Protein chains: 2
Amino acid sequence: MQLSCPMPKFDFDTINLGHGSGGVLTHRLLNSGVFTVLQNDLLNEKHDGAVFELQGKLAFSTDSYVVSPIFFPGGNIGELAVNGTVNDLAMCGAMAKYLSLSFIIEEGFKMKDLWTILNSIKQSCDKANVQIITGDTKVVEKGKGDKIFINTSGIGVLHPNADIRLSKIKTGDAIIVSNNIANHGIAIMSKRQGLEFETDIKSDTTNLNFTIQKLIDAFGEKIHFLRDATRGGIASVLNEIAIDGNMGVDIQEKNIPLNEQVNGACEMLGLDPLYVANEGVFIAIIDATIQNEVMQLLTEDDNCKNAKVIGSITNEHIRQVILQSKIGGRRVVNMLPGEQLPRIC
Amino acid sequence: MQLSCPMPKFDFDTINLGHGSGGVLTHRLLNSGVFTVLQNDLLNEKHDGAVFELQGKLAFSTDSYVVSPIFFPGGNIGELAVNGTVNDLAMCGAMAKYLSLSFIIEEGFKMKDLWTILNSIKQSCDKANVQIITGDTKVVEKGKGDKIFINTSGIGVLHPNADIRLSKIKTGDAIIVSNNIANHGIAIMSKRQGLEFETDIKSDTTNLNFTIQKLIDAFGEKIHFLRDATRGGIASVLNEIAIDGNMGVDIQEKNIPLNEQVNGACEMLGLDPLYVANEGVFIAIIDATIQNEVMQLLTEDDNCKNAKVIGSITNEHIRQVILQSKIGGRRVVNMLPGEQLPRIC
């Protein structure tokens, strides 16, 4: 575990509109704060953008994080913002190299909370081997935001053997879920006002880039498709595959990896775990001939100890996900019509 | 002028939390809305990220836009978000190629306003010759945001002859302001509640990438430093140069390009135009020997008709910006201590 950077003595305890002005307060916040924690050669140039060289095919992704609460069991919004964008790039078959970091902070936000988040960002970057090289800070009036929103955008280098796209998927391909589902969503719900209950369920937020690199190193273009099952859970990803790919998806309920305690929490809250958000779980669609080797590699990886083959791609019931339940019945798993858990990431 | 894409018939007039869920409503908003307007080959892949190839040195920049009001004389938040990031890349000496686009929308935001903004984004992209290739949409509860915040991040290709950095600046270099200052800030103020007055002052928001490309094509590394004078106005940029570059800055008030009407509005509002935000004005620090040729090139460019040499770099009064006033006095122009105009960009 890395040491956190201790907070220097600032002459302000909270963020005010002046910190977004581009004037003295902005510079003080950046020079004594942000740059101290995140420093690296490219960021230290302090230009309007960062200049670098990268060889090969590149991937580019963006996400804004509005999770509420910003601190939750197993992580915080800063860690989520780094891992989320690193993982989006990984799902394209790319290793994230550089991130941008942009804050929209509500006036009155505590400096000590910003410091905690900054340190988490730095630690998550170090763990994923990425650097923040450019950034921005805006401040909005009290009541015009909600504590802090964070955007990260990322640039990664594509693995030379990666060829990950919907059109690669074919009938008979195996569908793998990489780990126990629904932990992130339930960890967030357990903290939300009015829904607190006693569990030790933690968010599964983590960087998946090294796991995906190992997968592609070993199996190359036989990894047909990857997507992390964040907002909307595994049900939404499987529906996207069925609908956008114009194919059928068969899954078996008994094979879906789900922790007992999380399952209990879902039942208590009336949530279907298939739709609950994850931040460290991905769906892999792979050539069925390599299924056993892929499962061996995954279950030896710390991020995928509970990986399971949950089903396969079919040329029947096109554009539909069909689940075979534990008691033998079959039902359609639709895309979520509305909102189940707002502001989950 | 390009035609706007007409708004299709949606079964919703306003954005609700479901549009940020990753479920059916998100897909309907994206497929019938966002993708229709912004479509291009890379975006159409609809992956978690976009994959592309670019040769040469690259630049990367990010900005979140929280301007209020979102529609103002001369532009709107969407146009600003494209031009702002295109210009940040231009100031590094890079031509923007690809942008990411991330929305944080407040529940209840009008679909027709989102459509107007989307069309502005598309038109600004076409004008600057950039493409949106990846994006994200989040929705927050009513009262937890303010209509819409937009993050754009951008990747550009560095001009092969660009060498723009603080350490290139030397004593005797000429300081150019590229156009009339303070228009954007005053246009915003003119719309703000309680401060409305009758003017035809418009925001100067525009893409500066082609102007900068011409400059570097013609003068290469003799263009020592560039920065657009957004938040905090030209005074903040000049102070950053003096402080971060450890040098002195001399400017003459009489040479600063400023429209009479804007000057009058500044006086009425008690604002110093040197600190008022611009969205289409940059500061160039150049080798003094090419001053006349640079001025000729700039004043022939539509974005820089009122460009002026406003001063020079000195090895006296290090880390200070000194202004010689019209009536002959000299005063220090400090960095803005607090906030003059919140949420100007």
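Because the structure is predicted, anything quoted here is derived from the model rather than measured.

**Considering helix α6 (residues 209-219) of chain A**
The periodicity of an α-helix, 3.6 residues per turn, causes residues three or four positions apart to be oriented the same way.
Residue and element names in this part refer to chain A.
Point 1. Along α6, the positions that sit buried rather than exposed are Asn 209, Thr 211, Ile 212, Leu 215, Ile 216 and Phe 219. For α6, the angular spread of buried residues about the axis comes to 160 degrees, placing them on one side.
Point 2. On its buried side, α6 packs onto α3 (77-91), β5 (94-106), α4 (111-128), β9 (223-228), β11 (282-286) and α9 (291-299).
Point 3. Residue Gly 220 follows α6 closely and has a positive phi angle near 50 degrees.

**A few points about the sheet that holds strand β13 (residues 321-324) of chain B**
Residues and elements named next belong to chain B.
Point 1. The mixed open sheet is built from seven strands, whose spatial order is β9-β11-β8-β12-β10-β13-β14. Across the chains shown, the open sheet's two edge strands, defined by having one partner strand only, are β9 (223-228) and β14 (330-332). Adjacent strand axes in the sheet meet at a mean angle of 25 degrees, parallel and antiparallel pairs treated alike.
Point 2. Sheet analysis places strand β8 (residues 174-177) next to strand β12 (residues 308-314), joined by four bridges and oriented antiparallel.

**Concerning the side chain of His 224 of chain A**
Residues and elements named next belong to chain A.
Point 1. Within the element layout of this structure, His 224 appears in strand β9.
Point 2. Classification of His 224 as buried rests on a relative accessible area of 5%.
Point 3. A polar atom in the side chain of His 224 sits 2.6 Å from the side chain of Asp 173.
Point 4. Residue contacts for His 224: discarding those within four places in its chain leaves Asp 163, Ile 164, Arg 165, Lys 168, Ile 169, Lys 170, Asp 173, Ile 285, Ile 286 and Asp 287.

**Looking at the pattern of salt bridges**
Point 1. Taken as a whole, this structure holds 32 salt bridges over all chains when the rule is applied.
Point 2. One salt bridge connects Arg 227 of chain A with Glu 240 of chain A, and the closest N-O pair in it is separated by 2.5 Å. You can see Arg 227 of chain A sitting in strand β9 and its partner Glu 240 of chain A sitting in helix α7 (residues 233-245), a full 13 residues away along the chain.
Point 3. The exposure class assigned to Arg 227 of chain A is buried, which follows from its relative accessible area of 9%.
Point 4. Between Arg 343 of chain B and Asp 146 of chain B there is a salt bridge; the shortest N-O distance is 3.0 Å. Taken together, the residues Arg 343 of chain B in the segment after β14 and Asp 146 of chain B in the loop between β6 (131-140) and β7 (148-158) connect sequence positions 197 residues apart.
Point 5. Residue Arg 343 of chain B is classed as buried on the basis of its relative accessible area, which comes to 6%.
Point 6. According to the relative accessible area criterion, Asp 146 of chain B is buried, its value standing at 10%.
Point 7. Each of Asp 63 and Arg 231 of chain A together with Asp 136 and Lys 138 of chain B takes part in a single network of salt bridges with overlapping partners.

**Some words on helix α1 (residues 24-38) of chain B**
Point 1. Here α1 of chain B contains 15 residues, and its C-alpha end-to-end distance of 20 Å stays within 8% of the 21 Å for a straight helix at 1.5 Å per residue.
Point 2. The largest bend in α1 of chain B is about 40 degrees, located at Leu 30 of chain B.
Point 3. For α1 of chain B, the full list of buried residues reads Leu 25, Thr 26, His 27, Leu 29, Gly 33, Val 34, Phe 35, Val 37 and Leu 38 of chain B.
Point 4. In this structure, the buried residues of α1 of chain B make contact with α7 of chain A together with α2 (41-44), β5 (94-106), α4 (111-128) and β6 of chain B.

**Brief notes about the relation of the copies chain A and chain B**
Point 1. Aligned on chain B, chain A shows an RMSD of 0.0 Å; the corresponding rotation is 180 degrees and the shift along the axis is 0.0 Å. Taken together, the rotation and translation relating the two chain copies correspond to the operation of a two-fold axis. Nearest to the rotation axis, the C-alpha of Gly 145 of chain A is located 2.1 Å from it, this being the minimum over chain A.
Point 2. Take the interface residues of chain A: 100% of them recur as interface residues in chain B, which is what a same-surface contact looks like.

**Digging into the interface of chain A and chain B**
Point 1. Across the contact, 73 residues belong to chain A and 73 residues belong to chain B.
Point 2. Across the chain A/chain B interface, buried area totals approximately 6000 Å², and carbon plus sulfur atoms make up 57% of it.
Point 3. Counting the surface chain A buries against chain B, the share from its top three residues, Asp 48, Phe 60 and Arg 231 of chain A, is 13%.
Point 4. On inspection of chain A and its partner chain B, the count reaches six salt bridges.
Point 5. As a salt-bridge pair, Glu 141 of chain A and Arg 343 of chain B come within 2.8 Å of each other at their nearest N and O atoms.
Point 6. Summed over the shared surface of chain A and chain B, the result is 25 residue pairs in polar contact (both at pLDDT 80 or more).

Reading the values: the criteria
In every chain, residue numbers begin from 1 and rise along the written sequence. Key to labels: chains lettered from A, ligands numbered from 1, both in the order written. Side-chain atom pairs in this predicted model are given and counted only at pLDDT of 80 or more, local residue features only at pLDDT of at least 70, and totals for whole chains, interfaces and linings cover all residues. Side-chain descriptors were evaluated using all non-hydrogen atoms of the structure, hydrogens and water having been removed beforehand. A 1.4 Å probe rolled over the protein chains alone gives each residue an accessible area, and that area as a share of the maximum for its type sets the label: buried under 20%, exposed over 50%, partly exposed in between. Put simply, DSSP H or I for four residues or longer makes a helix, DSSP E for two residues or longer makes a strand, and each gets a number counted from the N terminus. By arc we mean the arc of the directions from the helix axis to the C-beta atoms, nothing more. The contact criterion used throughout is that any non-hydrogen atoms of two residues lie within 4.5 Å. Pairing between two strands is assigned when DSSP locates at least 2 bridges connecting them. Lines fitted to C-alpha atoms define the axes here, with helix axes fitted over just the stretch in contact, and angles between the N-to-C directions of these axes take values from 0 to 180 degrees. Polar contact is defined as a pair of N or O atoms within 3.5 Å, subject to the rule that within protein one atom must be able to donate a hydrogen and the other to accept it, and that residues adjacent in sequence are counted only when both atoms are side-chain atoms. Only one rule defines a salt bridge in this text: a Lys or Arg side-chain nitrogen within 4 Å of an Asp or Glu carboxyl oxygen. Every helix has an expected span of 1.5 Å times one less than the residues it contains. One axis is fitted to the seven residues ending at the residue and one to the seven starting there. The bend at that residue is the angle between these axes. Least-squares superposition aligns the copies on the C-alpha atoms of those residues with pLDDT at or above 70 in both. Once two parts are joined, some of their accessible surface, as seen by a 1.4 Å probe, is lost; buried area is that loss totalled over both.

Worth remembering: the numbers are spatial, not functional.
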